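Next come the chains, spelled out residue by residue.
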Amino acid sequence: MKLYLNKVSSATARVRIALALKGLKVEEELVTIFGDDAASRRPEYRALNPQGLVPALLTDSGWLITQSLAIIDYLDQIAPEPPLLPAEPEQRAFARSVALAIAAEIHALLPPRIGARLRSLPGVGPEEVASWNRHWVSEGLSAVEALIARRRTGRFVVGDRPSIADIVLFPQTVGAARIGLDTAQWPNIAEIAGHCRAIPAFAENAPVSPK
Ligand SMILES: N[C@@H](CCC(=O)N[C@@H](CS)C(=O)NCC(=O)O)C(=O)O
């Protein structure tokens, strides 16, 4: 299998953490995502992935899977151990809810293409974009903290094993700290992120800072 990735990308980090938890090795191809000449904008990459985003996983049979959550679902099916979704139906739904609250409602408002589009609008510069990013991460993680606080029973979002919820949450906490937010304001999230960081699969695949 081959993973198209960028190590700055928290969506990529989710997939790399899942691969590492499962002990799966894949070929990796770097796709640049910043700037007008980013590889993700080029026709060659768009021909492969019309969304022009990372991550994307090319399976052994040549099928391209886009979207980090779909890729993780696929990995969970082809390599079921350790499971990344809880077996109990309500807990399973909760793990997916937390993952989607971050992937769909926080992260979707932050990628480079959003910042570039905002900066093209009159009166919007880097400081306004930074403020936009802080606003959505802050509001989004505050809601996720409240969701987790209502249900948490163990070291991770669901019980004592990392699930898809932690895999999506952890990179977002790294991103939150990177834009100047103090993650200690979300005590459950901060504690869970600490437990994640103690696991090499998480620590070694955390998103890196843009140069
Ligand atoms: N919902 C997608 C998000 C993918 C995404 O936005 N990836 C970012 C990097 S984190 C990207 O490729 N950005 C390129 C751009 O914004 O131009 C997923 O979960 O895979």
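Residues numbered from 1 in each chain as written. Predicted model: local features only at pLDDT ≥ 70, side-chain atom pairs only at ≥ 80, totals over all residues. Heavy atoms only, no water.

With that settled, consider helix α7 (residues 164-178). If you check α7, its first and last C-alpha atoms are 22 Å apart, about what 15 residues at 1.5 Å a residue would give, namely 21 Å. Trailing α7 by a residue or two, G180 shows a phi angle of about 95°, which is positive. (Helix = DSSP H or I, 4+ residues; strand = E, 2+ residues; numbered from the N terminus. Expected span 1.5 Å × (residues − 1).)

Under the definition given, this model contains six salt bridges. Salt-bridge contacts for K2 lead to E29; the nearest nitrogen and oxygen are separated by 2.8 Å. Separated by 27 residues along the polypeptide, K2 in strand β1 (residues 2-5) and E29 in strand β2 (residues 27-30) bring together distant segments of the chain. Exposure remark for K2: the relative accessible area of 17% places this residue in the buried category. Here E127 and R134 are joined by a salt bridge, their closest N and O atoms 3.3 Å apart. Given the relative accessible area of 51%, E127 is considered exposed. (Salt bridge = Lys/Arg side-chain N within 4 Å of Asp/Glu carboxyl O. Buried < 20%, exposed > 50% of the residue type's maximum accessible area, 1.4 Å probe, protein only.)

Surrounding the ligand, one finds 15 residues, the nearest of these being S9, V54, Q67, S68 and R113. Take V54: an N or O atom from its main chain is 2.8 Å from a nitrogen atom of the ligand. Between the ligand and P112 there is a distance of 3.5 Å, counted from an oxygen atom to a backbone nitrogen or oxygen. The protein chains hide 92% of the 510 Å² of surface that the ligand would expose on its own. Secondary structure elements with two or more residues in the shell around the ligand: α1 (10-22) and α5 (112-119). The leading source of residues in the shell around the ligand is α1, at three residues. Of the residues in the shell around the ligand, the class split is seven nonpolar, five polar and three charged. (Near = heavy atom within 4 Å. Polar contact = N/O pair within 3.5 Å; in protein donor to acceptor, adjacent residues only side chain to side chain. Areas by Shrake-Rupley, 256 points an atom, 1.4 Å probe, with all protein chains shown as cover. Nonpolar A, V, L, I, M, F, W, Y, C, P; charged D, E, K, R; others polar.)

For the rest of this paragraph, the subject is the packing of aromatic side chains. Taken as a whole, this structure holds three aromatic pairs when the rule is applied. Look at F170 and F202: their rings are 5.6 Å apart centre to centre, the planes differ by 85°, and that puts the pair in the edge-to-face class. With F170 in helix α7 and F202 in helix α9 (residues 200-203), the pair connects residues that are 32 residues apart, well separated along the chain. When its relative accessible area of 0% is taken as the criterion, F202 is described as buried. (Phe/Tyr/Trp six-rings, centres within 6.5 Å; stacked < 30°, edge-to-face > 60°.)

It is worth spelling out the nonpolar core at this point. Nonpolar side chains in soluble globular proteins generally cluster together in the buried interior. V157 and L169 are the most contacted members of the largest nonpolar core, which totals 47 residues. If you list the elements that add at least two residues to this core, you get β1, α1, α3 (68-78), α4 (89-103), α6 (126-151), α7, α8 (187-197) and α9. The two domains that each donate at least three residues to this core are domain 1 (2-78) and domain 2 (89-203). Residue contacts for L169: discarding those within four places in its chain leaves I102, L141, V144, I148, V157, I189 and I192. Grouped together as the second largest cluster of nonpolar side chains are eight residues, Y4, Y45, V54 and A56 included. (Core = buried A, V, L, I, M, F, W, Y, C linked by side-chain atoms within 4.5 Å. Domains from an automatic or database assignment. Contact = heavy atoms within 4.5 Å.)

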